[in-house]
Amino acid sequence: MKKTKWLVVLLAFLFAASFALAGGTKEEGAAKKPGKEVTLTVVWHGGVCADMLLEIAKDWTAMTGVKVEGALVGYGPAWHDKIASEFAAKGSGFDLACWDSQSIGEFAGGGHCVLLNPYIEKSDKLKMSDWSPEMLARYGEYPDASGKIYALPINADAEGMHYRKDLFEDPKEKSGFKAKYGYELDIPQTWSQLRDIAKWFTRPPEMYGLGMMGGREYDYLTSVTNCLVWVFGGELWNPKTNEIKGYIDSPASIDGVKFYIDLMQYCPPGVETWGWDEVNTAFQTGKIAMAHNWFYFFGAMDDPEQNPYADATGFAILPGEVGRDGLFRREFSMGGQGIGISKYSKHVQEAWDFIEWYEMKEQQKRYGAVCQTGRQDVLDDPAWLNANDYNRLFRVAFKYTNDYWHLPEYAILLDILQEETHNAITGKKSPEKAMADCADRQEKVLEKAGYKIKRTPHVDVPDTVCPNPCGKPKIIPIHVD
Amino acid sequence: MTGRKSIAKRIVFIIILAVILIYTLFPLYWLFLASIKTRIDLFTIPPKFFFKPTFNHYKRLFIYTTLETGEEQQTRFLFWLTNSVIEAGIGTTLAVVFGTMAGYINSRMEYTGKKDFMFFVLSTRMLPPVAIIVPLYIVFARFRLADTRFGMILLYTLIGLGLATWIMKGFFDGIPTEVEEAAFVNGYTRFQAFIKILVPMVKGGIAATAGFCFIFAWNEFTFASIIATRYAMTLPPRIVAFMGTSGFEWGIVAASGYILIIPILVLFILIRKYILMGMTFGVLGRK
């Protein structure tokens, strides 16, 4: 009988403990109920940019009493899924979210984000012209060219390259390279030159010419292959007609994928599984002479504590290429995130007040010391431009960026593109077959979602965001001093 | 001759044992090395076995140095660790308590739809978490259970319950009904017979079941990464968010992984003799 009593007591205790813990642990280690106190929760992937945001936000808390807490998750699908599932549930688990630029269609298109135009128009602290039109468009506009802004840039990013200056400037290397290829060993202005340089420095197993992402996961592979697709004159789709067939499987797009496959022979083994972490590691361990990488990581490459070759590391803008139409294009993937407000937040006004303050020049200058800001006056500020060797490059590089489809179906389209491109680079399918299958599958997704695909008689690949000097009949080098 | 044979056998046995030991312990050794190496040392090929160790990763689990001022602040590592202990611990206990009862009922009683019920219980373990996470999250959010410790405890209880029911049924099946009948003759009620006679007989099974449920809840990633946001966040999903300027902070990930392993290691040492019993649903390892 005694034992029975004990069992009942144990069960009662466990239930009581569960309820007590559930109700009373909303704050770390203490039974606090927020009451009128407002706490804003920001979802982002962990990292220095998020850390910096939360550090700066403490000043906002000191000024207003509104707390800003981070709900940081791992980079990649878990981060996207975290935001997407909260939106699917129409939950108020977070107030602010920082999402990848390409997710704007999915989240804003799904009706989950607060339209920021009325807030910006009323604001005496921010105005639309604080950012370049392309910056606002890439991170916050949906639908494209609609002028409707759902997010402001929080971490602007673009692809670039870093290389081993000590190797590039070595007289023996320079003369040997010139003797073999007939031109100076220098920062490549075309992908063909980059391939020559990669080939020159490939001396396995000690050294390889190039490191680049190639993994099937998230957007690793296609953030690189897209650059090549675009520079060869290809496109992911035609946003005006919703056609994908004739674009991603066009001869120009296939040229880009084939060029990537060609480059793989100058990369360390296993590049088809690589993300940025592997690219960084290969460079930091002296395995590669050049790396195709995000500007986000350039700070680490410039830091002697993290990169033993920091003093010998140079930074550059990615090259372009002459496509089969004879035009030279320079385009590359953009990265980074915008910050938006959840429509289901209970503190929309407080969330806006925080964004409004955080996006001001004063805060963005502090943030810009660690991460890439989107504000034009900070990007133009000589102090910021001269803070290191790559900020000036970033300002120029961003003008040449392009992005995935800004559609609500982005996540599905990305997965198909990743899968089929990966099939092509791993030899499971020919590039032609892989891209044709990709186009077929992606169009089915669009059709199922209700998009009307208008067939155009002639396949005209538009350069959707191609700035001057993109699509020119001659190679136009970029030199940033 | 026989002596030589026995020595040879012993040597072979020792070699096999050594291989198994290396196979089992090397990952733990490697994880520890990773936790005390710098990023450069960690990725150097061929791997470095002799290097200048750093315990900075362990420090950084608990201390955050601000980027602007270099001021040191406490991290939330202990909070996430506490959440893991509470959510996995209470979830496991409840799953085992109810699973033991359910196992007994389904071992001894006949009722309409019993087979269907047992299949249903089993089916809760059939779908991969990723397939049910969004609808589950919607349900949790609607009932205000998302991002609460109670919600996570409930989740781990429900997940563990299916496994616990099936394992414990196997243990009760192995006890002859005559044992309870003898207790009934002595004036015990069914509940008293269950608590006083049967539960002590299956305590090995209970320990093994608790071990399996706890390991699952302790390591669980997918549900926690979606359902928990801040207040109920556990360690496994938070570990992957350790990212620095160079990419993933593998040293910190390894250090926190090492800390994450300790409770499991202790638990396994405590219940090691019951593990085989649990894995075979009580058929093997019973003494």
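Quick notes on the rules
Residues numbered from 1 in each chain as written. Chains lettered and ligands numbered in written order. Predicted model: local features only at pLDDT ≥ 70, side-chain atom pairs only at ≥ 80, totals over all residues. Helix = DSSP H or I, 4+ residues; strand = E, 2+ residues; numbered from the N terminus. Rg over C-alpha atoms; globule rule 2.2 N^0.38 Å. Buried ≥ 20, exposed ≤ 12 C-beta atoms within 10 Å, placed from the backbone. Contact = placed C-beta atoms within 7 Å. Axes fitted to C-alpha atoms, helices over the stretch in contact; angles between N-to-C directions. Parallel < 35°, antiparallel > 145°, perpendicular 65-115°, else oblique. Left-handed = near helix turned anticlockwise from the far one by under 90°. Nonpolar A, V, L, I, M, F, W, Y, C, P; charged D, E, K, R; others polar. Expected span 1.5 Å × (residues − 1). Bend = angle between axes of the 7 residues up to and from the residue. Pairing = 2+ DSSP bridges. Right-handed = clockwise from strand over helix to strand, strands pointing away. pLDDT = per-residue confidence, 0-100. Domains from an automatic or database assignment. Core = buried A, V, L, I, M, F, W, Y, C linked by C-beta atoms within 7 Å.

Participant: What is the right way to look at the overall build of chain B in this model?
Facilitator: Assigned secondary structure in chain B consists of 13 helices and four strands. Relative to a compact globule of 287 residues, whose C-alpha radius of gyration would be 19 Å, chain B shows 24 Å and is clearly more extended. Here chain B, with 287 residues, has 39% of them falling under the buried criterion. Of the contacts formed within chain B by residues at least 6 apart in sequence, a portion of 75% connects residues at least 24 apart.

Participant: I tried to follow the packing of helix 19 (residues 410-425) of chain A against helix 20 (residues 431-448) of chain A on my own but got confused; where do I start?
Facilitator: All names here are of chain A. Following both chains from N to C, one finds helix 19 and helix 20 inclined at 165°, their axes separated by 8 Å at the closest point. Here helix 19 is positioned roughly antiparallel relative to helix 20, judged by the angle of their axes. Both helix 19 and helix 20 take part in a crossing whose hand is right-handed. Together, I412, L413, I416, L417, E420, T421, N423 and A424 of helix 19 and P431, A434, M435, D437, C438, R441, Q442 and V445 of helix 20 make up the contact between the two elements. Per-class residue counts for the contact of helix 19 with helix 20 are 10 nonpolar, three polar and three charged.

Participant: Mind showing me how you'd approach helix 6 (residues 129-142) of chain B here?
Facilitator: All names here are of chain B. With 14 residues, helix 6 should cover 20 Å at 1.5 Å per step; its first-to-last C-alpha distance of 19 Å lies within 8% of that length. Helix geometry: helix 6 is bent most strongly at P135, by close to 35°. Considered for burial, the residues of helix 6 that qualify are Y137, F140 and A141. The positive-phi residue at the C-terminal boundary of helix 6 is R144, with phi of around 55°.

Participant: Is there a simple way to think about the pairing of strand 1 (residues 39-45) of chain A in this case?
Facilitator: Side-chain direction in a regular strand flips from residue to residue, so the side chains alternate between the two faces of the sheet. Residues and elements named next belong to chain A. Counting buried residues along strand 1, six of its seven residues qualify, which places the element largely inside the surrounding structure. Pairing of strand 1 with strand 2 (residues 67-73) involves seven bridges; the strand directions are parallel. Bridge pairing in strand 2 links L40 to V68. Remark: the strand 1/helix 2 (residues 48-64)/strand 2 crossover connection has right-handed handedness. Note that strand 1 and strand 3 (residues 96-100) share two bridges and pair parallel. Looking at strand 3, one finds that V43 is bridged to A97.

Participant: Explanation requested: the interface of chain B and chain A in the structure shown.
Facilitator: The accessible area lost on association of the parts is a frequent measure of interface size. Taken together, the 45 residues of chain B in the interface contact 51 residues of chain A. Residue assignment for the side of chain B that touches chain A shows that the elements contributing at least two residues are helix 2 (39-43), helix 4 (77-108), helix 6, helix 7 (149-173), helix 9 (190-201), helix 11 (222-227), strand 3 (243-244) and strand 4 (247-248) of chain B. Looking at the side of chain B that touches chain A residue by residue, the classes come out as 26 nonpolar, 12 polar and seven charged.

Participant: Sorry, what's going on with the pairing of strand 6 (residues 288-294) of chain A here?
Facilitator: Residue and element names in this part refer to chain A. With respect to burial, strand 6 is a largely interior element, seven of its seven residues being buried. Looking at chain direction, strand 4 (residues 152-164) and strand 6 are connected through five bridges and run antiparallel. Each bridged residue has a counterpart across the sheet, and for M161 the counterpart in strand 6 is H292. Here strand 5 (residues 208-211) pairs with strand 6 via three bridges, running parallel. Looking at strand 6, one finds that L210 is bridged to M290.

Participant: Can you help me understand the confidence of the model for chain A in this one?
Facilitator: It should be kept in mind that the predicted coordinates are not to be read in detail where pLDDT is low. Taken residue by residue, chain A gives an average pLDDT of 89. The fraction at 70 or more is 89%. pLDDT under 50 marks residues 22-34 of chain A. Its contacts with residues more than four places away, or in other chains, come to 17 contacts.

Participant: Sorry, what's going on with the environment of W384 of chain A here?
Facilitator: All names here are of chain A. Along the chain, W384 turns up in helix 17 (residues 382-385). On a C-alpha basis, the gap between W384 and G368 in space is 7.3 Å, while along the polypeptide they are 16 residues apart. Contacts of W384, omitting those with residues within four sequence positions, involve K365, G368, V378, L379 and N391.

Participant: Can you walk me through the domain arrangement of chain A in this structure?
Facilitator: Residues and elements named next belong to chain A. Domain annotation of chain A identifies domain 1 (39-157 + 335-402) and domain 2 (158-333 + 408-448). Placing a centre on the C-alpha atoms of domain 1 and another on those of domain 2 gives a separation of 27 Å. Between domain 1 and domain 2, the residue contacts involve 24 residues of the former and 22 residues of the latter. Only helix 3 (77-88), helix 4 (104-109), helix 18 (391-397) and strand 11 (401-402) provide two or more residues apiece to the side of domain 1 that touches domain 2. The greatest single-element share of the side of domain 1 that touches domain 2, amounting to four residues, is contributed by helix 18.

Participant: Any chance you could explain the environment of F194 of chain B here in plain terms?
Facilitator: Residue and element names in this part refer to chain B. Residue placement: F194 occurs in helix 9. For F194, a count of 21 C-beta atoms within 10 Å puts it in the buried group. Other than its neighbours up to four places away in sequence, F194 contacts Y104 and V199.

Participant: Can you help me understand the nonpolar core in this one?
Facilitator: V42, V43, L210, L228 and M290 of chain A together with C213 and I227 of chain B are the most contacted members of the largest nonpolar core, which totals 202 residues. Considering every element that reaches this core, the biggest residue donor is helix 7 of chain B, with 14 residues. A domain-level breakdown of this core finds at least three residues from each of domain 1 (39-157 + 335-402) and domain 2 (158-333 + 408-448) of chain A. Setting aside its immediate chain neighbours within four residues, V43 of chain A contacts A71, V73, K82, I83, F94, A97 and C98 of chain A.

Participant: Sorry, what's going on with helix 6 (residues 133-140) of chain A here?
Facilitator: Residues that lie three or four places apart on an α-helix share one face, since the helix turns once every 3.6 residues. Residues and elements named next belong to chain A. The buried count for helix 6 comes to six of eight residues, which makes it a mostly enclosed element. Of all the residues in helix 6, the buried ones are M135, L136, A137, R138, Y139 and G140. In the core, the buried residues of helix 6 are packed alongside helix 4, strand 4, strand 10 (332-341) and strand 11.

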